[in-house]
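Remarks on the overall topology
Each chain, written out:
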Amino acid sequence: MNQQDIRFTAKDILEKDFKTSMRGYNPDEVDKFLDAIIQDYEAFQNKVAGLEQENAQLKREVKKLSERSQRQTPAPAAGNTNYDILQRLSNLEKKVFGSKLYE
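Residues numbered from 1 in each chain as written. Predicted model: local features only at pLDDT ≥ 70, side-chain atom pairs only at ≥ 80, totals over all residues. Heavy atoms only, no water.

Judged by side-chain charge, Asp 12, Glu 15, Asp 17, Asp 28, Glu 29, Asp 31 and Asp 35 come together as a negatively charged surface patch. Counting residues per element, the ones that place at least two in the negative patch are helix H1 (10-15) and helix H2 (27-72). If one sorts the elements of the negative patch by residue count, H2 sits on top with 4 residues. Tracing the chain through its elements places Glu 15 in helix H1. (Patch = residues over 30% accessible without salt bridge, like charges linked within 9 Å, V, L, I, M, F, W, Y side chains within 5 Å. Areas by Shrake-Rupley, 256 points an atom, 1.4 Å probe, with all protein chains shown as cover. Salt bridge = Lys/Arg side-chain N within 4 Å of Asp/Glu carboxyl O. Lys, Arg positive; Asp, Glu negative; His and termini not counted. Charge placed at Lys NZ, Arg CZ, Asp CG, Glu CD. Helix = DSSP H or I, 4+ residues; strand = E, 2+ residues; numbered from the N terminus.)

A word on the nonpolar core. With 5 residues, the main nonpolar core is built from Ala 10, Ile 13, Leu 34, Ile 38 and Tyr 41. Elements represented by at least two residues in this core include exactly H1 and H2. Counting residues per element, this core draws most heavily on H2, at 3 residues. In this structure, Ala 10 is in contact with Ile 38, Tyr 41 and Glu 42, ignoring residues within four places of it in sequence. (Core = buried A, V, L, I, M, F, W, Y, C linked by side-chain atoms within 4.5 Å. Buried < 20%, exposed > 50% of the residue type's maximum accessible area, 1.4 Å probe, protein only. Contact = heavy atoms within 4.5 Å.)

Next up on the list: a positive patch on the surface. On the surface, a cluster of positive charge is made up of Arg 60, Lys 64, Arg 68 and Arg 71. By secondary structure assignment, the location of Arg 68 is in helix H2.

Residues at a pLDDT of 70 or more form 83% of the protein, whose mean pLDDT is 80. Confidence, expressed as mean pLDDT per element, reaches its minimum in the protein at helix H3 (residues 78-97) with 79 and its maximum at H2 with 89. (pLDDT = per-residue confidence, 0-100.)

This part covers a nonpolar patch on the surface. Taken together, Leu 86, Leu 89, Leu 92, Val 96 and Phe 97 make up a surface patch of nonpolar side chains, about 510 Å² in accessible area. Note that Val 96 resides in helix H3.

Turning next to H2. Taking 1.5 Å as the rise per residue, H2 with 46 residues should run 68 Å; its terminal C-alpha atoms sit 67 Å apart, in good agreement. All buried positions along H2 are accounted for by Leu 34, Ile 38 and Tyr 41. (Expected span 1.5 Å × (residues − 1).)

This is the structure we're talking about:
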């Protein structure tokens, strides 16, 4: 989440003053509602911060594991790979051409 996406901080909400008029809202109700919003807002900010930390940690673990697996992956033996390819090619020729090829 970008800081540009956030329009208000909990402090902005807390310090917001509303003008009162003769038939305006009940200031106590507005204050209670804003207090509840501030609590939710702070909880969301804490949750986002925690998720960002968890995401960064998981990215570090993925990077570490991928580096480790690249170091530990042995190169296939050339003889085994060639033999496997030749065996597959032979099986493919038998399927495609049938026994005519080997008569």
